[in-house]
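# Structural overview
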There are 2 protein chains.
Amino acid sequence: MRVLAFLDGTLADPDAAHIRVDDLGLLRGDGIFETVLVADGVPRELGPHLDRLARSAAMLDLPEPDRAAWERVVRLVLDSWSGSAEFALKLVYTRGVEGDPASAPTAFALGMEIDEKVRRARAEGVAVVTLDRGIDPDYTERAPWLLLGAKSLSYAVNMAAVREAARRGADDVVFTAPGGTVLEGPTSNVIVARGRTLYTPPPSLGILKGTTQGSVFRGAERAGWATKVEPLEVADLRSADGLFLASSVRKLTRVHTLDGQPLPDSSAIHAELAEAYEAEYAG
Amino acid sequence: MRVLAFLDGTLADPDAAHIRVDDLGLLRGDGIFETVLVADGVPRELGPHLDRLARSAAMLDLPEPDRAAWERVVRLVLDSWSGSAEFALKLVYTRGVEGDPASAPTAFALGMEIDEKVRRARAEGVAVVTLDRGIDPDYTERAPWLLLGAKSLSYAVNMAAVREAARRGADDVVFTAPGGTVLEGPTSNVIVARGRTLYTPPPSLGILKGTTQGSVFRGAERAGWATKVEPLEVADLRSADGLFLASSVRKLTRVHTLDGQPLPDSSAIHAELAEAYEAEYAG
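Everything numeric in this text was worked out from a predicted model, so none of it was measured.

Okay, the packing of aromatic side chains next. Each aromatic ring pair is described using two quantities: the centre-to-centre distance and the angle formed by the ring planes. Residue and element names in this part refer to chain A. Scanning all chains against the criterion turns up 10 aromatic pairs over all chains. Ring centres of Phe33 and Tyr155 lie 5.1 Å apart, and the angle between their planes is 85 degrees; this geometry places the pair in the edge-to-face category. One end of the pair, Phe33, is in strand E3 (residues 31-39); the other, Tyr155, is in the loop between helix H5 (139-142) and helix H6 (156-167), with 122 residues separating them in the sequence. Grouping residues by exposure puts Phe33 and Tyr155 together as buried. With centroids separated by 3.8 Å and ring planes inclined at 15 degrees, the aromatic side chains of Trp81 and Phe87 adopt a geometry described as stacked. The exposure class assigned to Trp81 is buried, which follows from its relative accessible area of 12%. Taking the relative accessible area as the measure of exposure, Phe87 reaches 2% and is therefore buried.

Taken residue by residue, the interface counts 58 residues in chain B and 57 residues in chain A. Interface area, chain B with chain A, both sides summed: about 4,600 Å², of which 59% is carbon and sulfur. As a salt-bridge pair, Arg167 of chain B and Asp61 of chain A come within 3.2 Å of each other at their nearest N and O atoms. Listed by contribution, the elements that provide at least two residues to the side of chain B that touches chain A are strand E1 (2-6), helix H1 (24-27), strand E5 (86-94), strand E6 (106-113), strand E7 (126-132), helix H5 (139-142) and helix H6 (156-167) of chain B. Ranked by the residues each element gives to the side of chain B that touches chain A, the list is headed by H6 of chain B, at eight residues. Here the side of chain B that touches chain A is composed, by residue class, of 31 nonpolar, eight polar and 19 charged.

With that out of the way, let us pick up the domain arrangement of chain A. Residues and elements named next belong to chain A. What the domain assignment lists for chain A is domain 1 (2-114) and domain 2 (119-279). The C-alpha centroid of domain 2 is placed 25 Å from the C-alpha centroid of domain 1. On the side of domain 2, 22 residues touch domain 1, which itself brings 24 residues to the contact. Among the residues domain 1 hides against domain 2, the three largest losses belong to Phe33, Arg52 and Met59. Together they make up 30% of the total. Linking domain 1 to domain 2 there are four salt bridges. Of the charged contacts in the structure, one is a salt bridge between Glu278 and Arg44, with a shortest N-O distance of 2.8 Å. Inspection of the domain 1/domain 2 interface yields 13 residue pairs in polar contact (both at pLDDT 80 or more). Those elements that provide at least two residues to the side of domain 1 that touches domain 2 are E3, helix H2 (46-59) and strand E5 (86-94). No other element matches E3, which puts seven residues into the side of domain 1 that touches domain 2.

With that out of the way, let us pick up the packing of H2 of chain A against helix H3 (residues 67-80) of chain A. Residues and elements named next belong to chain A. Across the interface, H2 lies against H3 with an axial gap of 11 Å and an inter-helix angle of 135 degrees. By the angle between their axes, H2 is oblique relative to H3. The hand of the H2/H3 crossing is right-handed. The residues of H3 that touch H2, namely those facing Leu46, Gly47, Leu50, Asp51 and Leu53, are Arg67, Trp70, Glu71 and Val74.

A separate point is the environment of Val157 of chain A. Tracing the backbone through its elements, the reader meets Val157 of chain A in helix H6. Judged by relative accessible area, which is 25%, Val157 of chain A ranks as partly exposed. Each C-alpha atom, one on Val157 of chain A and one on Ala170 of chain A, is 17 Å from the other, the two residues being 13 residues apart in sequence. Ignoring sequence-local partners within four residues, the contact set of Val157 of chain A consists of Phe175 of chain A together with Trp145, Leu146 and Leu147 of chain B.

Residues and elements named next belong to chain B. At a closest axis distance of 8 Å, the pairing of helix H7 (residues 211-222) and helix H9 (residues 267-279) adopts a crossing angle of 100 degrees. With respect to their mutual orientation, H7 and H9 come out roughly perpendicular. Contact residues: Thr212, Ser215, Val216, Gly219 and Ala220 in H7; Leu273, Ala276 and Tyr277 in H9. Across the contact of H7 with H9, the residue classes tally to five nonpolar, three polar and no charged.

What follows deals with the pairing of strand E11 (residues 226-229) of chain B. Both strand E10 (residues 197-200) of chain B and E11 of chain B contribute to a ladder of four bridges, which runs parallel. Bridged to Leu198 of chain B within E11 of chain B is Thr227 of chain B.

Turning our eyes to something else, we now look at the relation of the copies chain B and chain A. Overlay of chain B on chain A (RMSD 0.0 Å): rotation 180 degrees, translation along the axis 0.0 Å. Taken together, the rotation and translation relating the two chain copies correspond to the operation of a two-fold axis. Taken as a fraction of all interface residues of chain B, those also at the interface in chain A reach 98%, which identifies the copy contact as same-surface.

Let us now look at the nonpolar core. In terms of nonpolar packing, the biggest core is built from 92 residues, with Trp70 and Leu89 of chain A together with Leu89 of chain B touching the most fellow members. The element best represented in this core is H3 of chain A, accounting for six residues. Ignoring anything within four residues of it in the chain, the contact list for Trp70 of chain A reads Leu7, Leu50, Leu53, Pro65, Leu91, Val92, Tyr93, Ala107 and Phe108 of chain A.

Calculation notes
Residues numbered from 1 in each chain as written. Chains lettered and ligands numbered in written order. Predicted model: local features only at pLDDT ≥ 70, side-chain atom pairs only at ≥ 80, totals over all residues. Heavy atoms only, no water. Phe/Tyr/Trp six-rings, centres within 6.5 Å; stacked < 30°, edge-to-face > 60°. Helix = DSSP H or I, 4+ residues; strand = E, 2+ residues; numbered from the N terminus. Buried < 20%, exposed > 50% of the residue type's maximum accessible area, 1.4 Å probe, protein only. Contact = heavy atoms within 4.5 Å. Buried area = accessible area lost by both parts, 1.4 Å probe. Salt bridge = Lys/Arg side-chain N within 4 Å of Asp/Glu carboxyl O. Nonpolar A, V, L, I, M, F, W, Y, C, P; charged D, E, K, R; others polar. Domains from an automatic or database assignment. Polar contact = N/O pair within 3.5 Å; in protein donor to acceptor, adjacent residues only side chain to side chain. Axes fitted to C-alpha atoms, helices over the stretch in contact; angles between N-to-C directions. Parallel < 35°, antiparallel > 145°, perpendicular 65-115°, else oblique. Left-handed = near helix turned anticlockwise from the far one by under 90°. Pairing = 2+ DSSP bridges. Least-squares fit on C-alpha atoms with pLDDT ≥ 70 in both. Core = buried A, V, L, I, M, F, W, Y, C linked by side-chain atoms within 4.5 Å.

The following block contains the structure:
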């Protein structure tokens, strides 16, 4: 099941072609996106997702997204959905057609079933490798053209990193900075558990502010955990009681293997944190 | 005037929609491209462009491009073109539709008129700023997932750099490495003239091997110039007799201003090199 709606409120056939070949989202990866988890009719963390969409738009000098219109189109997809209780909702916003200064951005919301691989990762955890992203975090502020921390459509490197992980027998990646500082996954944030404290790296390192990570932290705090947003080194991942990747669709995923080395069993911590996260959306 | 043809030999209306919203070229910038200059019916440097397309495909683990099919589709666009004597021909090759392992790549050739801004840059030269790309060239070999030297569709940073140049009152960019080594432009290669020698940085720095740069070098050699492919520093750009950007559509463009400072007048050198370049395609 798939549901496609454009920002103007038009529902459309997701199996038909709707994008011109000269859309800058296609020709230049010049646009932004968000992926929202919808569960039992609720688009989780929609506010933080739309906040981040607005931040990404500002970083790419795109017109400010019309928040009310995005909220309406999300509602339209939800109302039209008749598939599984949980699904992924992608929001895409490109610079529009090349060479036409009057061209409006291309903007749509696409509801999609969650694939089996994601469900397996949720249940069984994942093996992860660390890969160097090659850019020092201190570029974040002083080199805004590098778009560090923007969720752009230019994800070829993120996808190549996941293929590199597969070549190494792993499922996913934790990007590191040249000095070894932990950054983020290609499509996730990193969370570490140590004692009764959760840690995640700060967005000032040039990474995305995590929507699911934020929700896990809120839930964990409610359940008595302390939380800290501070830089981590790879050694901190190895010595942690639990290492997790947080992403909207995969929720909180347990990492059981890091760079080929098994990590301590964090199933119990994972279960507790997953419950705290779900409690954020209960009743 | 625009002409669109898909790799299977189908001509299509370039103003209609042909791409699905879930094409990975759009959702992930996951694909590659080339831009070929066609002049008087000849696709310039088509061989080197198709060589580079194949290299980019290998770096992104895309299926090897069908060279004969690309040559045929280029011929088809050329035969269908009735616009200006010079035009830009874009070749685009994406990973195809998301979530469908049997999905074929999306592949098309799009002929487009050259816009006025390009013609002005060719005639008047450009002001350029240097911007740090943030990645040390020594990552090229050891971090293939960074896709350095692949011409991917993920060009959001390249486009952001050009907007940053505009904010600084300039037209274009020369990317530098963290240590100050000269790399390339967002859509061009750098050529420096000093005495009767031309210089360009080596692809081993994680930059594209220039098709137009190659042609300029061949032409210049024929005209008695020496050529060297070796690393350059920003100081070499300032002290050069001439600084140029080479790109298919803009050909050899003279840089008259670097980081706000006027450069020595290189009009005569530019005229000589431009002639040597054109002579490569004469009669």
